[in-house]
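The residues making up each chain are set out below.
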Amino acid sequence: MKYISTRGQAPALNFEEVLLAGLATDGGLYVPEQLPQFSKEEIASWAGLSYADLAKKVIAPFVADTIPQADLDAIIDETYGTRAATEGKNVFAHDAVAPLKQLDSNLWLLELFHGPTLAFKDFALQLLGRLLDYVLEKRNERVVIMGATSGDTGSAAIEGCKRCDNVDIFILHPHQRVSDVQRKQMTTIIGDNIHNLAIKGNFDDCQQMVKQSFADQSFLGGRKLVAVNSINWARIMAQIVYYFHASLSLGGPHREVSFAVPTGNFGDIFAGYLAKGMGLPVKQLVVATNVNDILHRCISANDYSPQELVHTLSPSMDIMVSSNFERLLFDLYGRDGKATGELMARMNGGQGAELEPARLAKARELFDSYRLDDEGCIDYIAEMFERSEELLDPHTAIGVKAAEVCRRDSETPMVALATAHPVKFPEPVVKAGLNSPELPHHLEDLFDREERCTVLDNDLAAVHAHMAEQLG
Ligand SMILES: *Cc1c(COP(=O)(O)O)cnc(C)c1O
C-alpha cells in the first residue's frame, strides 16, 4: 500500500515511512493511494469475531507490504486482546473492548472509554505505540515524540508509548490548566523515557512550541521528532475497526447502520467515512460539534472560516480548524492535490473559504451535522440520565443529542460514539444536578499515585535545554 499527500507534491511513502512522517513535506496529509475494498460476503464472514481478530482483518491491507501478518497479529493481540489472550495483562478493561449499550429503541452507545485513560484515543495510541516500537526496533532507530495536550491526547500518548524501548516521549501541558484527573493520568506514569512538562502558559503556547520544535530539530543532536497527534495516519487507521465492529454487532453488513460522532479535528468521524468507503453499509454519518463549530458551519452553511476559540465544557473538541478535514476535501476535490493545496492556502490565509457547490453537495450527501452549546449539553446530560440513568460525558452528550436530532428514520440502528468516561469531565455532570461520577475500579487509586512532572517557563529555549539534558 502506498500513501500519497493531499497536496500532491510530496513523495509517496509506504506504511512504515508514513508512521514516522507526520506531515508530508508539501504540508499535506498522507492518505492511502487506494482504499482497500471488502465485499459484503467478506464482511459478513467476520460476524462473531473478537475485536482483536476483526482488527487483524481490517488493518492488514493497510500495512501488508511493511509488517508480516504474523507480526501484525501479535501486535494486535497485545493491544486489543481480552484477558484470556493476554494472560490478564489486557489493555482494555472490558472484554468486549468496545461494548455497545442500548439507550433507546434503535439508539446505541458505542463505549470507547474502557482503555487505560478512559477516552477513545486509547484505541489509536495503544496500537500506535506498539507499531512504532516494532518499526524502530527493525530499523535500529530511536526517536523522540513531542506533543502538546489540553488533556486527552497527552495521557493516551504516554500510556501508549510507556513500554516503547525506542521512544522518548515529551508531553507539554499548560500548567494548572488541565483537570486533576487528566493531569494525574499523565504524571503518575513513571518511566525513564516519559517526560511530563508543565508549561507556565496556555495550550496554544504549548502547541506553538511543539510546532517550532518540529520546524527546527537541531536541539536534538541528530534524533528525529515523531508526531502522535491526530494527523498521524496510523491513528485514523486504528479507528476504522470499531465502525466495522459496531455494524457487525447490529446486523451489518446485511443492514445499514448510522453513526453520530462528537468531532474536533475530524479524525474519528473520518475513520467512519473510510469504513463506508471500504464497503461497510453506512447510512448516515452525523458530525456533532460544540460551539467551536467550523465543521457544522461548513456542512450546513458553506462557511469554512476560522472563528475565535471558545473554551467549553467539552474541551477535547475546542478547535478553530479541523486538521483532518483536509483529507476529506482531497476526496471532495477529486483527489486533485493542486486544488486541495489552493483551497487550504485560502483557508489558512484567514480569508475563510467556500466549497464549490458540487463539492458541498457531495459533503452534504455524506454528512449531517449538528452543534450544541454548553447549556444544551448540560440539559441533555440531565435529560438522558432521567430517561435511562445513563451518565454521559459532555463530548458524548453532544454526539447522542446530534444522533437524535439528525436521524432520518427509526428503522436504521443509530450508534453514538461515547468518546470519554464521564469521570474525566465532572463539571457539566455536577452542573446538571447529578452526582459526580466515580473512578472505575481499575483507576480507583489514581489520586494516591506518585506524580512526576517538571514545571517550566513559557520559553522555547528553556524547554529545549531541558529536553537535551534529559536525552543526555
Ligand atoms: C479527541 C476527542 C474528541 C474529538 O475527536 P477528533 O478525532 O478530534 O474529532 C472527542 N471527544 C473526546 C473525549 C476526545 O478526547
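Model, not experiment: these values are computed from the prediction.

Comments concerning the UniProt feature "modified residue: N6-(pyridoxal phosphate)lysine" (unreviewed entry) in the chain
So, step 1. Annotation from UniProt places "modified residue: N6-(pyridoxal phosphate)lysine" (unreviewed entry) at Lys121.
So, step 2. Relative to the helices and strands, Lys121 is located in helix H6 (residues 121-139).
So, step 3. Of the residues examined, Lys121 reaches a relative accessible area of 11% and is grouped as buried.
So, step 4. Not counting residues within four places of it along the chain, the set of residues in contact with Lys121 comprises Asp152, Thr153, Ala156, Arg235 and Ser316.

As for the packing of H6 against helix H10 (residues 233-249)
So, step 1. Between H6 and H10, the shortest axis-to-axis distance is 8 Å and the interhelical angle comes to 125°. With respect to H10, the axis of H6 lies oblique. Here H6 and H10 pass one another in a crossing that is right-handed. Judged by residue contacts, Lys121, Phe123, Ala124, Leu125, Leu127, Leu128 and Leu131 of H6 engage Ala234, Arg235, Met237, Ala238, Gln239 and Tyr242 from H10.
So, step 2. Per-class residue counts for the contact of H6 with H10 are 10 nonpolar, one polar and two charged.

Concerning unusual backbone geometry
Glycine aside, a negative phi is what most residues show, and trans is what most peptide bonds show.
So, step 1. With an omega dihedral of 0°, the bond running from Gly252 to Pro253 counts as a cis peptide bond.
So, step 2. Note that Pro253 resides in the loop between H10 and strand E9 (257-262).
So, step 3. The phi dihedral of Arg335 is positive, around 60°, even though this residue is not glycine.

A few points about the packing of helix H9 (residues 203-215) against helix H19 (residues 460-471)
So, step 1. Running from amino to carboxyl end, H9 crosses H19 at an angle of 65°, the nearest separation of the two axes being 11 Å. The interaxial crossing formed by H9 with H19 has right-handed handedness. Of the residues in H19, those in contact with Met209, Gln212 and Ser213 of H9 are Leu460, Val463 and His464.
So, step 2. Taken together, the residues of the contact of H9 with H19 sort by class into three nonpolar, three polar and no charged.

Re the pattern of salt bridges
So, step 1. Enumeration according to the criterion identifies 31 salt bridges in this entry.
So, step 2. Across the salt bridge formed by Asp303 and Arg297, the nearest N and O atoms sit 3.1 Å from each other.
So, step 3. Using a relative accessible area of 23% as the deciding quantity, one classes Asp303 as partly exposed.
So, step 4. Note that Lys338 is salt-bridged to Glu342, the shortest N-O span being 3.5 Å. Of the two residues, Lys338 and Glu342 both sit in helix H14 (residues 337-351), four residues apart, roughly one turn of that helix.
So, step 5. Several salt bridges converge on common partners, so that one network encompasses Glu16, Lys138, Arg139 and Glu141.

Quick look at the site of the ligand
So, step 1. Of all residues adjacent to the ligand, which total 15 residues, the nearest are Lys121, Asp152, Gly264, Asn265 and Thr419.
So, step 2. The contact in question runs from an oxygen atom of the ligand to an N or O atom on the side chain of Lys121, over 2.5 Å.
So, step 3. Here an oxygen atom of the ligand and a backbone polar atom of Gly264 are 2.8 Å apart.
So, step 4. Summarising the interface, the protein chains cover 96% of the accessible area of the ligand, which totals 390 Å² for the free molecule.
So, step 5. In terms of residue class, the shell around the ligand is made up of five nonpolar, seven polar and three charged.

Observations regarding the UniProt feature "domain: Threonine synthase N-terminal" (unreviewed entry) in the chain
So, step 1. Those residues carrying the UniProt feature "domain: Threonine synthase N-terminal" (unreviewed entry) are residues 2-80 in this numbering.
So, step 2. The span residues 2-80 carries 47% helix and 8% strand; its end-to-end C-alpha distance comes to 26 Å.

Topic: the sheet that holds E9
So, step 1. Taking strand neighbours across the sheet as the criterion, the six strands line up as E3-E4-E12-E9-E10-E11 in an open arrangement whose pairing is mixed. Each edge of the open sheet carries a strand with a single partner, namely strand E3 (100-104) and strand E11 (367-371). Sheet twist, expressed as the average angle between the axes of neighbouring strands with direction ignored, equals 25°.
So, step 2. When E9 meets strand E10 (residues 282-289), the two strands line up parallel, connected through five bridges. Directly across from Phe259, in E10, lies its bridge partner Leu285.
So, step 3. Packing against the sheet, helix H12 (residues 294-301) makes contact with E10 and E11, and its axis sits at approximately 125° to E11.

Thoughts on the sheet that holds strand E8 (residues 224-226)
So, step 1. In spatial order, the strands read E8-E5-E6-E7-E13; together these five strands make up an open sheet with parallel pairing. Every interior strand has two partners, whereas the edge strands, E8 and strand E13 (454-456), have only one. Within the sheet, the average angular offset between the axes of one strand and its neighbour, ignoring direction, is 30°.

Here is what the cut-offs are and how they apply
Residues numbered from 1 in each chain as written. Predicted model: local features only at pLDDT ≥ 70, side-chain atom pairs only at ≥ 80, totals over all residues. Heavy atoms only, no water. UniProt positions renumbered as here; feature names shortened; annotations may be inferred. Helix = DSSP H or I, 4+ residues; strand = E, 2+ residues; numbered from the N terminus. Buried < 20%, exposed > 50% of the residue type's maximum accessible area, 1.4 Å probe, protein only. Contact = heavy atoms within 4.5 Å. Axes fitted to C-alpha atoms, helices over the stretch in contact; angles between N-to-C directions. Parallel < 35°, antiparallel > 145°, perpendicular 65-115°, else oblique. Left-handed = near helix turned anticlockwise from the far one by under 90°. Nonpolar A, V, L, I, M, F, W, Y, C, P; charged D, E, K, R; others polar. Salt bridge = Lys/Arg side-chain N within 4 Å of Asp/Glu carboxyl O. Near = heavy atom within 4 Å. Polar contact = N/O pair within 3.5 Å; in protein donor to acceptor, adjacent residues only side chain to side chain. Areas by Shrake-Rupley, 256 points an atom, 1.4 Å probe, with all protein chains shown as cover. Pairing = 2+ DSSP bridges.

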